[in-house]
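One-letter residues, chain by chain:
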Amino acid sequence: MERQSNWVASRVSKTSDSLDRAFAEGLTGHVITARDGKRVQLEDGGEAVEFVSCSYLGLESHPDLIAAATEAMGRFGLHFSTSRNRGRPPYLRELEELLSVMYGGAQAAAFTSVGTVHLGLLPLLGAGALPSYPVADAGAAFLVEKTAHASIQVIRGVLEQIGPTRRFDMTDPTALAAAVREVAATGRTPIVLVDGVGSMGGLIDVASMLAILEPFGGHLYVDDAHGVSIEGSLGAGYAFEALGGVLPENVVLAGSLSKAFGGAGGFAVVPSHEDMLVLRKFANPLVFGHSIMLPMLAANVAAARLHVDGQVAELQKRLWRNAAEFDRLTGETLVNAGLHSPVRGALFDTEDAAFAAARRLKQAGVLVLPAFYPTVARGTGLMRFAVSALHQQRDLEAAAGALGF
Ligand SMILES: Cc1ncc(COP(=O)(O)O)c(C=O)c1O
């Protein structure tokens, strides 16, 4: 019988064995047995500095978060196993209220992950069920940016059931405007899905994208998982600040609580209480899934307080100082050099060159995230560095030295 082709089968068959080789050589997949800031002990007895964790501000070891998680565990145990709609501790409301302060009074709904935000919210957005985001009688069409995160790409088939879903390439300067015009000509409302801070690439110009969409009554959905906490006086993040420090009409923000924020989970930012009511009633993972586990929920509240009281803004200064210093040490040659992104990349023309660099870094006690095709172009390799406010000068020097600078 002929096997029907599908994108999962195609991805599996096209993926090279590079990542397997990197695991086998101990260049990724590290088992960490102890940790002090960015210094880690490895199972093989070695010590290293890590550039792997996406906790860009180092908040996950802040005493306030640890105390909050410990107290919650003592009071409630680990988990209250039901949907948030059926029963919950006070932390959930506290978290959402503090997030609302961070986002200038807009409403925030907490989910267990960013992926569940996409899954819960996007079908409602496309169906015109969220009151602040009207959709034409003909329905909506989704335009997914090619490099938008895998957690969005994987639900394109779900979105296709709501409205036509196609991809566009933002490196082509005319592609988005053309796609939006084509959708509008069919009478549908265009909904554009993009990242804010790219997890591998650069900063996405969300304000220009919104300007293209606005005349057509379209909506912009930004996954700013990597941008949350690292910009803005209250840590609202890259996309919110790039859009003028307010939630513009027609924009939905999705954020992460698991990266720079210091805790765990995801959240959506929408304008009104009426949108929140729809999310609580119909967003599938909120209705039928469990809530963020209790110690992490309490830690999220503690982290949100550090945002609202200005402590995060101090940590941001250290992050950007470290990013600038790493750029200086590496001669401004890395991917994202000079940008307010915590992600840096060393690109290599061949996989062999990338493997050689990964070995040198490991030998120098520097842990990074090696990426190969299909994350980067076929035959090439990228060493991804996650810079943190906690890195010390010697850590940055060790990493730059191992890269040959
Ligand atoms: C841009 C982006 N969006 C979404 C996710 C998925 O996050 P979660 O694990 O909370 O679903 C990630 C994970 O790294 C990400 O980088």
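Notes on the structure follow. Here the structure is a predicted model, which means the values were calculated and not measured. (Residues numbered from 1 in each chain as written. Predicted model: local features only at pLDDT ≥ 70, side-chain atom pairs only at ≥ 80, totals over all residues. Heavy atoms only, no water.)

With that settled, the discussion passes to the packing of helix 3 (residues 63–76) against helix 13 (residues 294–308). Between helix 3 and helix 13, the shortest axis-to-axis distance is 7 Å and the interhelical angle comes to 145°. Considering the relative orientation of helix 3 and helix 13, their crossing is right-handed. Only L294, P295, A298, A299, A302, A303 and L306 of helix 13 make contact with helix 3, whose side of the interface consists of D64, L65, A68, A69, A72, M73 and F76. (Axes fitted to C-alpha atoms, helices over the stretch in contact; angles between N-to-C directions. Helix = DSSP H or I, 4+ residues; strand = E, 2+ residues; numbered from the N terminus. Left-handed = near helix turned anticlockwise from the far one by under 90°. Contact = heavy atoms within 4.5 Å.)

If you walk through the whole model with that rule in mind, you get seven aromatic pairs. Between Y103 and F240, the aromatic rings sit 5.1 Å apart at their centres with planes inclined by 85°, giving edge-to-face as the arrangement. Linking Y103 in the loop between helix 4 (91–102) and strand 4 (107–111) with F240 in helix 10 (residues 238–242), this pair joins segments that are 137 residues apart in sequence. For the residue pair Y103 and F240, the accessibility class agrees, reading buried in each case. In this structure an aromatic cluster arises from ring pairing among F51, F326 and F385. Geometry around Y373 places R378 over its ring, the cationic atom sitting 4.4 Å from the centre. (Phe/Tyr/Trp six-rings, centres within 6.5 Å; stacked < 30°, edge-to-face > 60°. Buried < 20%, exposed > 50% of the residue type's maximum accessible area, 1.4 Å probe, protein only. Lys NZ or Arg CZ within 6 Å of the ring centre and 35° of its normal.)

In a beta sheet, neighbouring strands pair by backbone hydrogen bonds and run either parallel or antiparallel. Spatial strand order, 11-14-13: three strands in an open sheet with antiparallel pairing. Bordering the open sheet on either side are strand 11 (343–348) and strand 13 (369–372), each of which pairs with just one other strand. Going from strand to strand, the sheet's axes swing by 25° on average, the running direction of each strand aside. (Pairing = 2+ DSSP bridges.)

Take the site of the ligand next. The ligand sits among S113, V114, G115, H149, S151, S199, D223, A225, H226 and K259. D223 is positioned such that a nitrogen or oxygen atom in its side chain is 2.5 Å from a nitrogen atom of the ligand. Interatomic distance of 2.6 Å between a side-chain N/O atom of H226 and an oxygen atom of the ligand. Taking 400 Å² as the accessible area of the ligand by itself, protein coverage stands at 75%. Per-class residue counts for the shell around the ligand are two nonpolar, six polar and two charged. (Near = heavy atom within 4 Å. Polar contact = N/O pair within 3.5 Å; in protein donor to acceptor, adjacent residues only side chain to side chain. Areas by Shrake-Rupley, 256 points an atom, 1.4 Å probe, with all protein chains shown as cover. Nonpolar A, V, L, I, M, F, W, Y, C, P; charged D, E, K, R; others polar.)

With that out of the way, let us pick up unusual backbone geometry. Going from Y373 to P374, the amide bond is cis rather than trans, its omega being 10°. Relative to the elements of secondary structure, P374 occurs in the loop between strand 13 and strand 14 (381–386). If you check the backbone angles, E332 has positive phi at about 55° while not being a glycine. Summarising the element assignment, E332 is placed in the loop between helix 14 (311–329) and strand 11. You can call E332 partly exposed: its relative accessible area is 49%. The phi dihedral of N336 is positive, around 80°, even though this residue is not glycine. Residue position: N336 is located in the loop between helix 14 and strand 11.

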